[in-house]
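Take a look at the letters that make up each chain.
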Amino acid sequence: MILFQDVKERQVYWFLFPIVGLCTGILFYQDILPQLFYVTVVINFAFVLILMGVIFLYSKLKLKTSISNTFGLGDSLLFFALIFSFSSISFIVLFVFGLIFSLVLHLILKKNSKHQTVPLAGYLSLFFAVAYLAYWTGILNSIYTI
């Protein structure tokens, strides 16, 4: 749903992000000790906060515009929803590769798009959906440990 809404309208229903966080959090919680889950969530939260700080500073200092003109609310909501989904190293690795995937996919598809913005939440949700499908079909042995 996030992919289709973000690509088509550049808007996503807000309630989908807590659903993503809850569902991926439950899947991860069932695969790890409760204490490790909480520590992992804190580390992932810190990573996303640092990333959001860098985006904010880059928008203000380099681009000389507000963050709302460079980064969508749906993108940040997805970032925070995903902090519950993976162990810290797996999260960072998958997150970085998800961003690279989003960039490549956008460069390929931007010729057919009437929008100037990147549907980052949609592309990232596609990447993480493919990662989960690869795990559930047995292509990947584990997505929780890299």
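Counting restarts for each chain: residues are numbered from 1 in the order of the written sequence. Whole-chain, interface and lining totals are the exception, using all residues; otherwise, since this is a predicted model, local features are given only for residues with pLDDT of at least 70 and side-chain atom pairs are given and counted only at 80 or more. Working from all heavy atoms in the structure, the side-chain values ignore hydrogens and water.

Participant: Even after reading the chapter, I still don't get the overall build of the protein, so can you show me in this structure?
Facilitator: A run of H or I in DSSP becomes a helix once it reaches four residues, and a run of E becomes a strand once it reaches two; helices and strands are each numbered from the N terminus. For the protein, the helix and strand inventory stands at seven helices and zero strands. All radius of gyration figures rest on C-alpha atoms, and the globule criterion is 2.2 Å times the number of residues raised to 0.38. Whereas a compact globule of 146 residues would reach a radius of gyration of roughly 15 Å, the protein reaches 16 Å, a difference of no more than 12%. Along the three orthogonal principal directions, the C-alpha set of the protein runs to about 45 × 30 × 25 Å. Think of it in three bands: with a 1.4 Å probe and only protein chains considered, a residue is buried below 20% of the maximum accessible area for its type, exposed above 50%, and partly exposed in between. When each of the 146 residues of the protein is scored for burial, the buried share is 36%. Any two residues having at least one pair of non-hydrogen atoms within 4.5 Å are treated as being in contact. Restricting to contacts in the protein with at least 6 residues of sequence separation, those with at least 24 account for 66%. Of the charged side chains in the protein, 8 are positive and 4 negative; the average position of the first set lies 17 Å away from that of the second. A residue counts as positive if it is Lys or Arg and as negative if it is Asp or Glu; His and the chain ends are not included. Every charge is mapped to an atom, namely NZ of Lys, CZ of Arg, CG of Asp or CD of Glu.

Participant: Explain the layout of surface pockets here, please?
Facilitator: Take a probe with the size of a water molecule and roll it over the atoms, and the empty space left behind shows itself. Each pocket or cavity is described by its volume, and for the largest pocket that value is around 800 Å³. The pocket and cavity definitions rest on a 1 Å grid over protein atoms only: a 1.4 Å probe that fits but cannot leave marks a cavity, an open set with protein on both sides within 12 Å along at least five of seven lines marks a pocket, and residues lining either have an atom within 4 Å of a point. In terms of lining residues, the largest pocket is bounded by 31 residues, among which Thr70, Phe71, Asp75, Val118 and Leu120 are the most central. Those elements giving two or more residues to the lining of the largest pocket turn out to be helix H3 (34-62), helix H4 (67-70), helix H5 (73-81), helix H6 (88-109) and helix H7 (120-136). In the scheme used here, Gly and all other residues not listed as nonpolar or charged are polar, with Ala, Val, Leu, Ile, Met, Phe, Trp, Tyr, Cys and Pro taken as nonpolar and Asp, Glu, Lys and Arg as charged. Split into classes, the residues belonging to the lining of the largest pocket amount to 18 nonpolar, 10 polar and three charged. Approximately 430 Å³ is the volume found for the second largest pocket. As for the second largest pocket, its lining consists of 19 residues, and the residues nearest its centre are Ile2, Val20, Ser125, Phe128 and Ala129. Taken together, the elements giving at least two residues each to the lining of the second largest pocket come down to helix H1 (2-9), helix H2 (16-29) and H7. With seven residues, the top contributor of residues to the lining of the second largest pocket is H7. When the residues that make up the lining of the second largest pocket are grouped by side-chain class, the tally is 17 nonpolar, two polar and no charged. Grid points are joined across faces, edges and corners, and a volume is the space filled by probe spheres set on the points.

Participant: Which parts of the structure should I look at to understand unusual backbone geometry?
Facilitator: As a rule of thumb, non-glycine residues mostly have phi less than zero, and peptide bonds are mostly trans rather than cis. In this structure, Arg10 takes a positive phi of about 60° despite not being glycine. With respect to the helices and strands, the residue Arg10 is situated in the loop between H1 and H2. Its identity as a non-glycine residue notwithstanding, Lys64 has a phi of 55°, on the positive side. Looking at where Lys64 falls in the secondary structure, it is placed in the loop between H3 and H4.

Participant: How should I be thinking about the nonpolar core in this particular structure?
Facilitator: A general tendency of soluble globular proteins is for nonpolar side chains to be buried together. Core analysis: the largest hydrophobic core is formed by 27 residues, its most contacted members being Leu78, Phe79, Phe86, Phe91 and Phe128. Mapped by element, the contributors of at least two residues to this core are H2, H3, H5, H6 and H7. Here this core gets six residues from one element, more than from any other, and that element is H7. Dropping the residues within four chain positions of it, Leu78 is found in contact with Ile2, Phe17, Val20, Ala121, Leu124 and Ser125. Side-chain atoms within 4.5 Å link the members of a nonpolar core, which is a set of buried Ala, Val, Leu, Ile, Met, Phe, Trp, Tyr and Cys residues.

Participant: Is there a simple way to explain the side chain of Asn44 in this structure?
Facilitator: Its location among the elements puts Asn44 in helix H3. Any pair of N or O atoms that falls within 3.5 Å is considered a polar contact. Within protein, one atom must be able to donate a hydrogen and the other to accept it, and sequence-neighbouring residues count only if both atoms are side-chain atoms. Looking at Asn44, its side chain comes within polar contact range of the main-chain oxygen of Ile83, at 3.0 Å. Among all residues touching Asn44, those that are not within four sequence positions of it are Ile83, Phe86, Ser87, Ser88 and Phe91.

Participant: Looking at this model, I keep getting lost on H3. Mind explaining?
Facilitator: A helix is expected to reach a length of 1.5 Å times the quantity of its residues less one. With 29 residues, H3 extends 41 Å from end C-alpha to end C-alpha; this agrees with the ideal 42 Å at 1.5 Å per step. Each element contacted by the buried residues of H3 is listed here: H2, H4, H5 and H6. Lys64 sits one or two residues past H3 and shows a positive phi near 55°.

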